Amino acid sequence: MATESPAGDSPSRGKRADAQRNRQTVLTAAAEVFVTSGVDAPIRQIAARAGVGMATIYRHFPTRADLITAVYHHQIEECAEAGPELLASADSPFDALRQWVDLFVDFLVTKHGLADALHSDNDRFAALHAYFLDRLLPVCAQLLDAAVESGDIRPGMQPYELMRGIGNLCIGREDDPRYDPRRLIALLLHGLRRPHAS
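Per chain, residues are indexed from 1 in the order of the written sequence. Only residues with pLDDT of at least 70 are given local features in this predicted model, and only at 80 or more are side-chain atom pairs given and counted; all residues enter the totals for whole chains, interfaces and linings. Excluding hydrogens and water, the side-chain figures rest on all heavy atoms present in the structure.

Trainee: Can you walk me through the overall build of the protein chain in this structure?
Mentor: Think of it this way: any DSSP run of H or I at least four residues long counts as a helix, any run of E at least two long counts as a strand, and we number them from the N terminus. If you tally the helices and strands in the protein chain, you get nine helices and zero strands. Along its sequence from the N terminus, the protein chain presents helices and strands in the succession α-α-α-α-α-α-α-α-α. The classification of residues rests on relative accessible area computed with a 1.4 Å probe and restricted to protein chains. Under 20% of the type maximum is buried, over 50% is exposed, and intermediate values are partly exposed. Looking at the protein chain as a whole, 36% of its 198 residues qualify as buried. Taking the contacts inside the protein chain whose residues are at least 6 apart along the sequence as the reference set, 65% of them involve residues at least 24 apart. Put simply, the protein chain shows about 11,200 Å² of open surface, and 52% of that area lies on carbon and sulfur atoms. The contact definition used throughout considers only heavy atoms, calling two residues in contact when any of these lie within 4.5 Å. Each accessible area value is a Shrake-Rupley result obtained with a 1.4 Å probe; residue values ignore everything except the protein chains displayed when judging cover.

If you want it as C-alpha cells, here you go:
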C-alpha cells in the first residue's frame with residue numbers, strides 16, 4: 001500500500017506531476033528554440049533552455065519527430081483554447097479576433113520547417129495537418145461569427161480563407177528581415193471592418 005505524502009498525494013502521483021511539468025517545460029523550450037534556430041536545432045540546446053538533462057527529453061520524446069509533433073500538438077491546443085478565452089475577456093469580438101490572429105501568427109512562425117522535418121513520415125505530417133484544421137477552423141469561425149454579429153466586421157469571410165491568407169502572408173518572413181507580415185495582416189483585418197466600426 002502506498003503511503004501518503006504530507007500534502008495527501010501518493011509518491012507515484014507526485015512523480016507523474018513532476019514528469020508532466022518536465023514535459024511541458026521541454027515543449028515550451030523546444031518551441032522557443034524552433035523559432036530562433038529551426039526544428040533541426042540540437043537537442044542539447046533545447047535541454048539547456050528547458051533546464052533539464054538530455055535524457056529527460058529522450059525519455060519523453062524518443063525521436064526528433066516525436067518532439068516536433070508534440071510541440072505542434074501543444075501549440076495547436078494553446079491556440080484553440082485561447083479563442084473562447086479571448087472572446088470572454090477582450091473589449092470586443094474584433095479585439096478578440098485580432099489577438100487570436102497574433103497567436104496564430106506566432107504559431108505559424110514556430111511551424112517553419114515542420115514539413116521538411118517530417119517529410120520522411122508523410123502519414124504523421126498529414127495527421128498533424130488534419131488535427132490543425134479540425135481544432136483551429138471552428139475557433140476561427142467562432143471568432144469571425146462573433147465579430148460579424150457585433151457589427152465589427154462585414155460578413156462573408158470564411159475561416160479557411162482567413163487562415164490560409166494569413167499563412168501565405170507569413171511565407172518568407174524568416175528569409176527577409178525587411179519583411180514584417182504583421183503589418184499586412186493588420187491591413188487585412190482592417191479591411192474586414194465595417195465603415196462605422198472604430
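Trainee: For this particular structure, what's the right way to read the layout of surface pockets?
Mentor: One way to see where empty space is left: roll a probe the size of a water molecule over the atoms. Computed over the protein atoms alone on a 1 Å grid, cavities are sets of points where a 1.4 Å probe fits but cannot get out and pockets are open sets with protein on both sides within 12 Å along at least five of seven lines; a residue lines them when it has an atom within 4 Å of a point. Grid points are joined across faces, edges and corners, and a volume is the space filled by probe spheres set on the points. Taken as a whole, the second largest pocket encloses approximately 310 Å³ of empty space. Together, 14 residues line the second largest pocket, and Gln75, Glu78, Asp106, Phe107 and Thr110 are the ones closest to its centre. For the lining of the second largest pocket, the secondary-structure elements that each account for two or more residues are helix 1 (11–37), helix 4 (64–89) and helix 5 (93–110). Only Asp, Glu, Lys and Arg are considered charged, only Ala, Val, Leu, Ile, Met, Phe, Trp, Tyr, Cys and Pro nonpolar, and every remaining residue, Gly among them, polar. The class makeup of the residues in the lining of the second largest pocket is seven nonpolar, four polar and three charged.

Trainee: Is there a simple way to think about helix 5 in this case?
Mentor: Spacing of three or four residues puts side chains on the same side of an α-helix, whose turn is 3.6 residues. A helix is expected to span 1.5 Å for every residue after the first. With 18 residues, helix 5 should cover 26 Å at 1.5 Å per step; its first-to-last C-alpha distance of 26 Å lies within 8% of that length. Restricting attention to buried positions, one finds in helix 5 the residues Phe94, Asp95, Ala96, Leu97, Trp100, Val101, Phe104, Val105, Phe107, Leu108, Val109 and Thr110.

Trainee: Would you mind showing me how to read the confidence of the model for the protein chain here?
Mentor: In regions of low pLDDT, the predicted coordinates are not meant to be interpreted in detail. With 86% of its residues at a pLDDT of 70 or more, the protein chain shows a mean pLDDT of 86. Helix 6 (residues 114–117) is the least confidently modelled element of the protein chain, averaging 62 in pLDDT, while helix 2 (residues 43–50) averages 95, the highest of any element. A low-confidence stretch, residues 1–7 stays under pLDDT 50, and its non-local contacts, those more than four residues away or across chains, total five contacts. How sure the predictor is of each residue is captured by pLDDT, a score from 0 to 100.

Trainee: In this structure, what is going on with the environment of Thr56? I would like to understand it.
Mentor: Topologically, Thr56 is positioned in helix 3 (residues 54–60). The exposure class of Thr56 is buried, given its relative accessible area of 12%.

Trainee: I tried to follow the nonpolar core on my own but got confused; where do I start?
Mentor: Across soluble globular proteins, you tend to see nonpolar side chains buried next to one another. Counting 53 residues, the largest nonpolar core has Ile46, Ile57, Leu67, Trp100, Phe104, Leu136 and Ile166 as its most contacted members. Sorting the residues of this core by element identifies helix 1, helix 2, helix 4, helix 5, helix 7 (122–149), helix 8 (159–170) and helix 9 (181–192) as the ones contributing at least two each. Excluding anything up to four places from it in sequence, Ile166 contacts Val101, Phe104, Val105, Leu108, Ile185 and Leu188. Take the buried Ala, Val, Leu, Ile, Met, Phe, Trp, Tyr and Cys residues and link them wherever side-chain atoms come within 4.5 Å; each set so joined is a nonpolar core.

Trainee: Before we go on, may I ask you to explain the side chain of Arg193 in this structure?
Mentor: By the element assignment, Arg193 lies in the segment after helix 9. Buried within the structure, Arg193 lacks any salt-bridge partner; Asp152 is the closest side chain of opposite charge, at an N-O distance of 4.4 Å. Counting of polar contacts relies on pairs of N or O atoms within 3.5 Å, with two restrictions inside protein: one atom must be capable of donating a hydrogen and the other of accepting it, and residues adjacent in sequence are counted only when both atoms are side-chain atoms. A distance of 3.2 Å separates the side chain of Arg193 from the backbone oxygen of Asp152, its partner in a polar contact. Two residue types count as positive, namely Lys and Arg, and two as negative, namely Asp and Glu; His and chain ends fall outside the count. Basic side-chain nitrogens of Lys or Arg form a salt bridge, by our definition, when they fall within 4 Å of a carboxyl oxygen of Asp or Glu.

Trainee: When you look at the pattern of salt bridges in this model, what are you seeing that I'm missing?
Mentor: Two side chains carrying opposite charge are able to pair once their charged atoms lie near each other. Considering all chains together, one arrives at seven salt bridges under this definition. In this structure, the salt-bridge partner of Asp18 is Arg21, at a minimum N-O distance of 2.1 Å. Residue Asp18 and its partner Arg21 are located together in helix 1, separated by three residues, close to a single helical turn.

Trainee: Which parts of the structure should I look at to understand the packing of aromatic side chains?
Mentor: Aromatic rings considered in pairs are described by the distance between their centres and by the relative angle of their planes. What counts as a ring pair is set by centres within 6.5 Å for rings of Phe, Tyr and Trp (its six-membered ring), and what kind of pair is set by the plane angle: stacked under 30 degrees, edge-to-face over 60, tilted for all other angles. Applying the stated rule across the entire model yields five aromatic pairs. Relative to Phe132, the ring of Phe107 lies with its centre 5.6 Å away and its plane at 20 degrees, an arrangement referred to as stacked. Of this pair, Phe107 sits in helix 5 while Phe132 sits in helix 7, and the two are 25 residues apart along the sequence. Of the residues examined, Phe107 reaches a relative accessible area of 4% and is grouped as buried. Among the aromatic residues, those joined into a ring-pair cluster are Phe34, Tyr72, Trp100, Phe104, Phe107 and Phe132. A ring has a charge above it when a Lys NZ or an Arg CZ is no more than 6 Å from the ring centre and no more than 35 degrees off the ring normal. The ring of Phe94 is capped by Arg193, whose NZ or CZ atom sits 3.8 Å from the centre of that ring.

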